[in-house]
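Here is what each chain is made of, one letter per residue.
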Amino acid sequence: MSGLRSFVARRLLLGAAQTVAVVLLVFALTEALPGDAAVALAGDQPDPARIEAIREAMHLDRPAYERLADWATGLLHGDLGTSLTSGRPVSQYIADGFGPTLLLAALTIALLVPAGFGLGVLAARHEGGLVDRLISSATLAVYAVPEFALGVLLVTVLALKLGWLPPTAVGYGTDLLGHPAALVLPVLVLLARPVCSLSRLVRAGMIDALASPYAAQARRYGISGARVRYTHALPNALAPAAQQLARTIDWLLSGVIVVEALYVIPGLGTVLLGAVAERDIPVVQGLAVVFGVLTVVLNLGADLVAHRLAPRAGVAA
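The rules we used
- Residues numbered from 1 in each chain as written.
- Predicted model: local features only at pLDDT ≥ 70, side-chain atom pairs only at ≥ 80, totals over all residues.
- Heavy atoms only, no water.
- Helix = DSSP H or I, 4+ residues; strand = E, 2+ residues; numbered from the N terminus.
- Expected span 1.5 Å × (residues − 1).
- Bend = angle between axes of the 7 residues up to and from the residue.
- Buried < 20%, exposed > 50% of the residue type's maximum accessible area, 1.4 Å probe, protein only.
- pLDDT = per-residue confidence, 0-100.
- Contact = heavy atoms within 4.5 Å.
- Salt bridge = Lys/Arg side-chain N within 4 Å of Asp/Glu carboxyl O.
- Phe/Tyr/Trp six-rings, centres within 6.5 Å; stacked < 30°, edge-to-face > 60°.
- Lys NZ or Arg CZ within 6 Å of the ring centre and 35° of its normal.
- Core = buried A, V, L, I, M, F, W, Y, C linked by side-chain atoms within 4.5 Å.
- Polar contact = N/O pair within 3.5 Å; in protein donor to acceptor, adjacent residues only side chain to side chain.
- Patch = residues over 30% accessible without salt bridge, like charges linked within 9 Å, V, L, I, M, F, W, Y side chains within 5 Å.
- Areas by Shrake-Rupley, 256 points an atom, 1.4 Å probe, with all protein chains shown as cover.
- Arc of directions from axis to C-beta.

What follows deals with helix α8 (residues 181–210). The terminal C-alpha atoms of α8, which comprises 30 residues, lie 41 Å apart, in line with the 44 Å expected from a rise of 1.5 Å per residue. Along α8, the sharpest kink reaches roughly 30°, centred on L191 and followed within four residues by the proline P194. Burial within α8 is extensive, with 21 of its 30 residues counted as buried.

See the structure below:
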């Protein structure tokens, strides 16, 4: 227990340091963006007086360290800032886009876990056989296809040629759950590559665990093959798979920009694209911080799960 507490304490300290680094990096990168936000917002009236008034309203005339201190203080109080273009709170932008993104992520994970683990265990059970070769070849081929290319292919075949599914979510707004047909194509695209990587990780972990001395010893004691596979080998194969699953969830929640843009889904990726196009820096900063903190939290959780499942693997900072 003391070793676990020490591991958790180290990870929490590392997570806090990473969060601070994320805030500093986001601010530095947005400061380094080319162009002048005040000039961009001046629009069709870029006269010096108007630009100067916008700079004062945006506090761009103040030193960077003062703006960083004010922004960081706001973050500590849950204030992500205010949009420059609409005057709405950044948190409202995130709340509006989070629903569709969360729905896509939840559906993808709900299908990914049984499919990825099932294919990985099935391939490991038939190591070197026909089933293993078919699964390995298929997952490798699908993983090699870029998301955009796969999305266009599915739209062309299933939506335009066969007419089975709507090609985009245009007209449905954020009520995607009420139109499940519009979710099929984006979920298939989001599921394709993660299920390949997860199944290959589970397969490799299962094969290594089944070849280990403790698995051989369990078989010598007369323990059934199924019990050896699922009670002894599978937990050790779950440690790397848990970390891969955390990275996948982070990718899904951080706004899958390509998929949301292709299928016109009003999620976080679409919000980020719009903010970048309008040079709405507070929205870009707020989204970047949220994405960064999500990454830190999910990786921390994955490390704790992996350490709990396979403490001997030395998953320590």
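When pLDDT is averaged along the protein chain, the result is 81; 89% of the residues meet or exceed 70. When pLDDT is averaged over each helix and strand of the protein chain, the minimum, 65, is found for helix α2 (residues 37–42) and the maximum, 91, for helix α6 (residues 130–143). For residues 313–317, every residue scores under 50 in pLDDT, and the model assigns this stretch 13 contacts once sequence neighbours within four places are set aside.

Another aspect to go through is the environment of E31. Inspection of the secondary structure puts E31 in helix α1 (residues 2–31). Look at E31 and you get partly exposed, because its relative accessible area is 36%. Residues E31 and I281 lie 250 residues apart in sequence; the distance between their C-alpha atoms is 9.1 Å. Beyond its immediate stretch of four places on either side in the chain, E31 contacts A64 and R67.

Relative to the assigned elements, D280 resides in the loop between α12 (268–277) and α13 (281–309). If near-sequence neighbours (up to four positions away) are discounted, D280 is found in contact with S83, L84, T85, Y93 and A275.

Inspection of every chain in the model, using the stated rule, returns two salt bridges. Taking the shortest distance from any N to any O, the salt bridge between R88 and D96 comes out at 2.5 Å. Across the pair D132 and R203 runs a salt bridge, and its minimum N-O distance is 2.7 Å. Taken together, the residues span a long stretch of sequence, with D132 in helix α6 and R203 in helix α8 at a distance of 71 residues.

What follows deals with the packing of aromatic side chains. Given two aromatic rings, one states the distance between the centres and the angle between the planes to describe the pair. Applying the stated criterion to the full structure yields one aromatic pair. Between R88 and the ring centre of Y93, over which it is positioned, the NZ or CZ distance is 4.5 Å. Directly above the ring of Y143 sits R193, whose terminal nitrogen or CZ lies 4.3 Å from the centroid.

Here the focus is the nonpolar core. Core analysis: the largest hydrophobic core is formed by 46 residues, its most contacted members being L112, L154, L185, V202, M206 and Y263. Elements with a minimum of two residues in this core: α5 (90–125), α7 (147–161), α8, α9 (213–220) and α10 (225–253). Top contributing element to this core by residue count: α8, with 16 residues. V23, W71, V90 and V271 belong to the second-largest nonpolar core, a separate cluster that totals 19 residues.

Turning our eyes to something else, we now look at unusual backbone geometry. Positive phi outside glycine occurs at V264, with the angle close to 50°. Structurally, V264 can be placed in the loop between α11 (257–262) and α12.

You can see Q244 is positioned in helix α10. A distance of 3.3 Å separates a polar atom in the side chain of Q244 from a polar atom in the side chain of S197. At 3.1 Å, the side chain of Q244 and the side chain of R247 are in polar contact. What Q244 contacts, discounting residues up to four positions off in sequence, is S197, L198 and L201.

The grouping of L153, V157, L162 and W164 at the surface amounts to a nonpolar patch, some 420 Å² of accessible area in total. Within the element layout of this structure, L153 appears in helix α7. Residue classification places L153 among the partly exposed positions, given a relative accessible area of 48%.

Turning to α12, its buried residues number three or more, namely L268, G269, V271, L272 and A275. One side of α12 carries all its buried residues, which in axial view fall inside an arc of 160°. Downstream of α12 by a residue or two, R279 has a phi angle that is positive, lying close to 55°.

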